[in-house]
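Topology and contacts: notes
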Amino acid sequence: MSAFETIDYATENGVALVTLSRPEAVNAFSVQMRDDLYEVLSLVRDDSAVRGVIFSGAGERGFCSGADLAEFGTAPSQAIARRVRRQRDVWALLAAMRKPSVAAIHGYCLGSGLELACLCDLRVASEDAVFGMPEVSLGLVPAAGGTQVLPRLIGLGGTGRAHDLLLTGRRVGATEAMEIGLLTRIVPRGDHVKAAASLLRGVLTAPDGALHAAKRAVVGGADLPLGAALDLEDRLAMALGGPRA
Amino acid sequence: MAISELTMPSSRLTTERRGAIATVTLGAANEQLARRLTDLDDDASIHVIVIDGAQTTGAVPGGAAAAVAMLVTPSIAAIVGECLDERLELSLASDVRVASRAARFGMRQVADGRLPRQGGTQRLTHAVGRAHALRLLLTSDVIGADEALRIGLVQAVVPASRLATAVAALAERIASAAPIAAAYAKEAVAAGSDLTLAQGLALEHDLGVLLHSTDDRAEGLRAFAERRAAAYRGR
C-alpha cells in the first residue's frame, strides 16, 4: 500500500510505477501532490533496485487535468511562493533523472500534466487522450517547462507548433499529438500502462550505464554548441569503455 | 530597427482593426512598416497582429522580418500564393503560420548567387531543422503547402476560400487569452530557445512570479472559479 496521500507508488521487476491518484479531481496537480511527488522522485532516484519509472493517472477520466486552480493565490506572498518552488523543485528533479522514464497517458493531459509528460523520456498514449496548455487563456503562464521543454520537444527548435498550443490553448487529440512529435506511441484505449511497461522493458534490456550515458548526451548536448556536444558524447562513450578506433 | 533601413518608397500599407486584432496588409515595399508595427505593439488594446500576405505584391522591405520578430504581441502570418525568398523570411518571423492549400514555399537566393538577408538561414533552420533547411537553401526547391505542413514550416493548411476564416478563428482564440500572459509565454519561448534548459526554466519561473502582480491573473482565476468567460484588461 502506498504511503502517499495523492500518489500510489509501487515497484515491480525493477520498474517504479508512479500513479497520480486524485481521480475525483482528474488527478489535478495540488500542493500535496507536489510534495508527494518530490519524495517519490527522490525514492526513484536513490533506490538502486529501480531501473526505470512509469507515470500514469488513476481513474477513468485522465492522466492529469493540470494544476489545481483552487489552490492558486493561497501562498502568503509571491516571494515565499518563489522560494518554496525552488526548494521543492519536482520538475528539476524529473529533468535531472538518470533513469529512463515513460508517461502512460489516457484521457485529459492538460497544463502541468502535459508538462510532466514532456519531462519524461517517452510518451505512450491511449487513443482517447486529449492534450492542451490552457494556462495563457486563464491569465497564467506555464510554470513547469511548458514554454521550455514543450518547444524543445515539438518545435524542431522553432516555435510555430509550440505557439499554436501555448497561445491558443486549443486541445489536440492523440493523432495530432503523434503528428507533431509529442508522442512515442498510440495504443487502444485502456492499454496505455501495459504498452508503457512493454516499451520500458525493451529499453531496460540495455545496460544502465549505456542508458544513462545516452540520456546525458542527448539532454546535456542540447544545451551545448555542436562541437562541445560531440566532445561530451566522446567522453561518455570512452567512460563506458568498449573498442575505440 | 531604424526606420531609415526601410528605404523603398511608401505605398499600400493598410491596417485593419477588429476588436483586439490588427491585420497588417503589406502592399508594395513600405517605409512605414516598422513604425506601424511598433505603434500596434504599443497599443494595449491590440492582442494579436496578423501579417496578411493575401494582398502582398512587390519586394519585402529590408528589416521587415526583424520588425515582425521584435513584436511583443503574438503574430500570425496568413500565407496565400507564392511565399518565396524574402516573403518566406518575413513569414518565418511570425509566431504561427497558416497557409492556403495553393501556397508554395522556397528560399531560392543561393540559386542567384545571393544569401538570405532577413534571417532566412537562421529562422528556417529553427523552424524545420537543419536537414530540411539545407535542402531548401541549397537546391532552391519550391515545395507545396502539404509538405510545408509536414516539415513544420506552417502550422495549418486550409483551402484558399477558408484562409481568412481560419486565420480569424486562430486570432480570436489568441486574442481571448490574457494579453500579458500571452506576451510572457511568447517571450519565454523565444528567449528560451537561446538559453540552456536550466536558464530557460528559471526565466519561465520568474515571468510566472512576475505575472502574479497583474490584475488579469486574478481575474482569470476568478472567472474559472465562477465558470464564466474572463474579462482581461491587459493590466
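Residues numbered from 1 in each chain as written. Chains lettered and ligands numbered in written order. Predicted model: local features only at pLDDT ≥ 70, side-chain atom pairs only at ≥ 80, totals over all residues. Heavy atoms only, no water.

Let us now look at the domain arrangement of chain A. All names here are of chain A. Per the domain assignment, the segments making up chain A are domain 1 (7-203) and domain 2 (208-239). Counting across the domain 1 and domain 2 interface gives two salt bridges. In this structure, Lys-215 engages Asp-121 in a salt bridge whose closest nitrogen and oxygen atoms are separated by 2.8 Å. At the boundary of domain 1 with domain 2, the tally comes to four residue pairs in polar contact (both at pLDDT 80 or more). Per-class residue counts for the side of domain 1 that touches domain 2 are three nonpolar, one polar and five charged. (Domains from an automatic or database assignment. Salt bridge = Lys/Arg side-chain N within 4 Å of Asp/Glu carboxyl O. Polar contact = N/O pair within 3.5 Å; in protein donor to acceptor, adjacent residues only side chain to side chain. Nonpolar A, V, L, I, M, F, W, Y, C, P; charged D, E, K, R; others polar.)

Moving on to the sheet that holds strand β7 (residues 122-126) of chain A. Residues and elements named next belong to chain A. Strand order in the open sheet made by the six strands is β1-β2-β3-β5-β7-β10, with mixed pairing throughout. Every interior strand has two partners, whereas the edge strands, β1 (7-12) and β10 (185-187), have only one. The average angle at which neighbouring strand axes cross in this sheet is 20°, direction not considered. Pairing geometry for strand β5 (residues 101-105) and β7, over four bridges, is parallel. In the sheet register, Ile-105 faces β7, and the bridge partner there is Ala-125. Those strands touched by helix α1 (residues 31-46) are β1, β2 (15-20) and β3 (52-57), and its axis lies near 15° from that of β1. Along the sheet, helix α8 (residues 192-203) makes contact with β2, β3, β5, β7 and β10, crossing β7 at roughly 155°. (Pairing = 2+ DSSP bridges. Helix = DSSP H or I, 4+ residues; strand = E, 2+ residues; numbered from the N terminus. Axes fitted to C-alpha atoms, helices over the stretch in contact; angles between N-to-C directions. Contact = heavy atoms within 4.5 Å.)

Contact with chain A, which involves 39 residues of that partner, is made by 49 residues of chain B. At the boundary of chain A with chain B, total buried surface from both sides reaches about 3,600 Å², with 63% on carbon and sulfur atoms. In terms of surface lost to chain B, no three residues of chain A exceed Val-141, Gln-148 and Leu-167 of chain A, which account for 16% of the buried area on that side. Taken together, the links from chain A to chain B amount to zero salt bridges. Remark: the boundary between chain A and chain B carries 14 residue pairs in polar contact (both at pLDDT 80 or more). Mapped by element, the contributors of at least two residues to the side of chain A that touches chain B are α2 (78-87), α5 (149-154) and α6 (160-166) of chain A. Sort the elements by how many residues they give to the side of chain A that touches chain B and α6 of chain A lands first, with five residues. Residues of the side of chain A that touches chain B, tallied by class, amount to 15 nonpolar, 15 polar and nine charged. (Buried area = accessible area lost by both parts, 1.4 Å probe.)

All names here are of chain B. For chain B, per-residue confidence averages 87 on the pLDDT scale, and residues scoring 70 or more make up 90% of the total. Ranking the helices and strands of chain B by mean pLDDT puts strand β8 (residues 143-144) first, with 98, and strand β1 (residues 14-18) last, with 84. Predicted confidence for residues 1-11 stays below pLDDT 50, and this span has 29 contacts to residues more than four positions away or in other chains. This complex was scored by the predictor with a pTM of 0.80 and an ipTM of 0.72. (pLDDT = per-residue confidence, 0-100.)

Working note: a packed helix pair is described by the angle between its axes plus the distance between those axes. Residue and element names in this part refer to chain B. Orientation of helix α8 (residues 179-192) relative to helix α9 (residues 197-211), taken along the N-to-C sense of each, is 165°, at an axis distance of 10 Å. With respect to α9, the element α8 is oriented roughly antiparallel. For the pair α8 and α9, the sense of crossing is right-handed. Of α9, the residues touching α8 (which contributes Ile-180, Ala-181, Tyr-184, Glu-187, Ala-188 and Ala-191) are Leu-203, Leu-207, Leu-210 and Leu-211. For the contact of α8 with α9, a count of residues per class yields nine nonpolar, no polar and one charged. (Parallel < 35°, antiparallel > 145°, perpendicular 65-115°, else oblique. Left-handed = near helix turned anticlockwise from the far one by under 90°.)

Residue and element names in this part refer to chain B. Applying the stated criterion across every chain, the model contains 25 salt bridges over all chains. In this structure, the salt-bridge partner of Arg-135 is Glu-147, at a minimum N-O distance of 2.7 Å. In this pair, Arg-135 is assigned in helix α5 (residues 130-139) and Glu-147 in helix α6 (residues 145-150), connecting sequence segments 12 residues apart. Look at Arg-135 and you get partly exposed, because its relative accessible area is 27%. Classification of Glu-147 by relative accessible area gives partly exposed; the value is 23%. One continuous salt-bridge network, built from bridges that share partners, spans Glu-219, Arg-222, Glu-226 and Arg-228. (Buried < 20%, exposed > 50% of the residue type's maximum accessible area, 1.4 Å probe, protein only.)

Residues and elements named next belong to chain A. In this model, α1 (16 residues) spans 23 Å end to end at C-alpha, consistent with the 22 Å of a helix rising 1.5 Å per residue. Three or more residues of α1 are buried, namely Met-33, Arg-34, Asp-35, Asp-36, Leu-37, Val-40, Leu-41, Ser-42 and Val-44. Where α1 is buried, its residues touch β1, β2, β3, α2, α3 (90-95) and α4 (112-118). (Expected span 1.5 Å × (residues − 1).)

The next thing to look at is unusual backbone geometry. Phi is positive for Asn-27 of chain A, which is not a glycine, with a value near 60°. Relative to the assigned elements, Asn-27 of chain A resides in the loop between β2 and α1. The residue Asp-85 of chain B is not glycine, and still its phi comes out positive at about 55°. Assignment of secondary structure puts Asp-85 of chain B in the loop between β5 (82-84) and α3 (86-92). The buried category is assigned to Asp-85 of chain B, whose relative accessible area is 9%.

The next subject is the side chain of Asp-68 of chain A. Residues and elements named next belong to chain A. Tracing the sequence through the fold places Asp-68 in the loop between β4 (62-64) and α2. There is a polar contact of 3.0 Å between the side chain of Asp-68 and the side chain of Arg-22. Leave out the neighbours within four places in its chain, and Asp-68 touches Arg-22, Ala-28, Phe-29 and Ser-30.

Quick look at the sheet that holds strand β2 (residues 21-25) of chain B now. Residue and element names in this part refer to chain B. The sheet built from six strands is open, its strands ordered β1-β2-β3-β4-β6-β9 with mixed pairing. Pairing within the sheet leaves two strands with one partner each, and these edge strands are β1 and β9 (156-158). Here the strands of the sheet are splayed against their neighbours by 20° on average, with no regard to which way each runs. Pairing geometry for strand β4 (residues 75-79) and strand β6 (residues 96-100), over four bridges, is parallel. From the neighbouring strand, Ile-79 faces β6, where its bridge partner is Ala-99.

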